[in-house]
Amino acid sequence: MTGTLGYRRFAVQGGDWGAFIAARLGYAHPASLIGIHLNLLPLRRDPAMLADPTPDERRYLDELATFLREETGCQWIQGTRPQTLAFDLTDSPAGLAAWIVEKFRAWTDCGGAVESVLSKNQMLANISLYWFTGAIGSSFWRYHARMHGPWPIPEGATVDVPAGYAQFPCEILRPPRSLAARTFADLRRWSVMPRGGHFAAMEQLEALADEVRAFFRPLRHQG
């Protein structure tokens, strides 16, 4: 952004892995960033971080326990045996579709009816990006790197650039603001959204775009 494209400062928005990238950029290159906006909070998933929880923190701990027990299977196999899984899914379009659509169904705000929020064309377009490029295998290696390396934000460190967050009700995890503030030291906007889940940019594009604009609007003059 700076060396090649010539921007002195820039803004970053991200969910899923993009949230990790945005947070890491905010930590490692604060002088280059106007701010970051997230729709997933890339915080350590450690119940021990909340020794004497408030009611909202207790709600999160219960949510975290369910997530760690029920929703991390894909992360473990992608993080420990990425190449084995890559051959399986590169060989079978039905297997690839099942792998991806299961997450659309589980992690969207769809109440079990995934086509109520995502059309077949949307899902097939996403699957096709992996199938026709043979890229599902390369997409797994970030999980291997995450599982075998340090957390992107060092323990005890903070992200000091202005930060905003949109909390969608069916996001995979919804940490409380009290916990987020330990890492994001300049948390300026915290919006609880009425609908949407993990794939907010596909599910609730206009609502997310409005939030991003609202957060960065007062920061534009800093660019």
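Attention in this report is confined to the structure presented alongside it. (Residues numbered from 1 in each chain as written. Predicted model: local features only at pLDDT ≥ 70, side-chain atom pairs only at ≥ 80, totals over all residues. Heavy atoms only, no water.)

**Side note on the packing of aromatic side chains**
Put simply, the rule reads: Stacked, edge-to-face and tilted are the three classes for Phe, Tyr and Trp ring pairs, Trp counted by its six-membered ring, which pair at centre distances within 6.5 Å; planes under 30 degrees apart are stacked, over 60 edge-to-face, the rest tilted. Numbering of helices and strands runs from the N terminus; a helix is a DSSP stretch of H or I covering at least four residues, while a strand is a stretch of E covering at least two. For each residue, the accessible area found with a 1.4 Å probe, counting protein chains only, is set against the maximum for its type, and the residue is called buried under 20%, exposed over 50%, and partly exposed in between. Put simply, a charge is over a ring when the Lys NZ or the Arg CZ is close to the ring centre, within 6 Å, and near the line of the ring normal, within 35 degrees.
Scanning the entire structure with this criterion turns up 6 aromatic pairs. Each ring, one from Trp17 and one from Tyr143, has its centre 5.1 Å from the other, and the planes form 90 degrees; the classification is edge-to-face. You can see Trp17 sitting in helix H1 (residues 17-28) and its partner Tyr143 sitting in helix H7 (residues 136-147), a full 126 residues away along the chain. We classify Trp17 as buried; its relative accessible area is 19%. An aromatic cluster is present here, built from Trp17, Phe20, Tyr143 and Trp151 joined pairwise through their rings. Above the face of the Trp107 ring, Lys103 is positioned so that its terminal group lies 4.9 Å from the ring centre.

**Comments concerning helix H5 (residues 93-107)**
Let me state the cut-off plainly: Expected span of a helix, by definition, is 1.5 Å for each gap between consecutive residues, and there is one gap fewer than residues. We call two residues in contact whenever any of their non-hydrogen atoms come within 4.5 Å of each other.
With 15 residues, H5 should reach 21 Å at 1.5 Å per residue; the first-to-last C-alpha distance of 21 Å fits that figure. Each element contacted by the buried residues of H5 is listed here: helix H2 (55-70), helix H3 (73-80), helix H4 (82-91), helix H6 (120-131), H7 and helix H9 (200-203).

**What about the nonpolar core?**
Our working definition: Here, the term nonpolar core denotes a set of buried Ala, Val, Leu, Ile, Met, Phe, Trp, Tyr and Cys residues that are joined through side-chain atoms within 4.5 Å.
Ile36, Leu38, Leu41, Phe104 and Phe184 are the most contacted members of the largest nonpolar core, which has 49 residues in total. With 5 residues, H1 is the single largest residue contributor to this core. Beyond its immediate stretch of four places on either side in the chain, Phe184 contacts Ala23, Ile36, Leu38, Leu41, Pro42, Leu43, Val159 and Ala163. Within the second largest apolar cluster, 10 residues are counted, among which are Met193, Ala200, Phe215 and Phe216.

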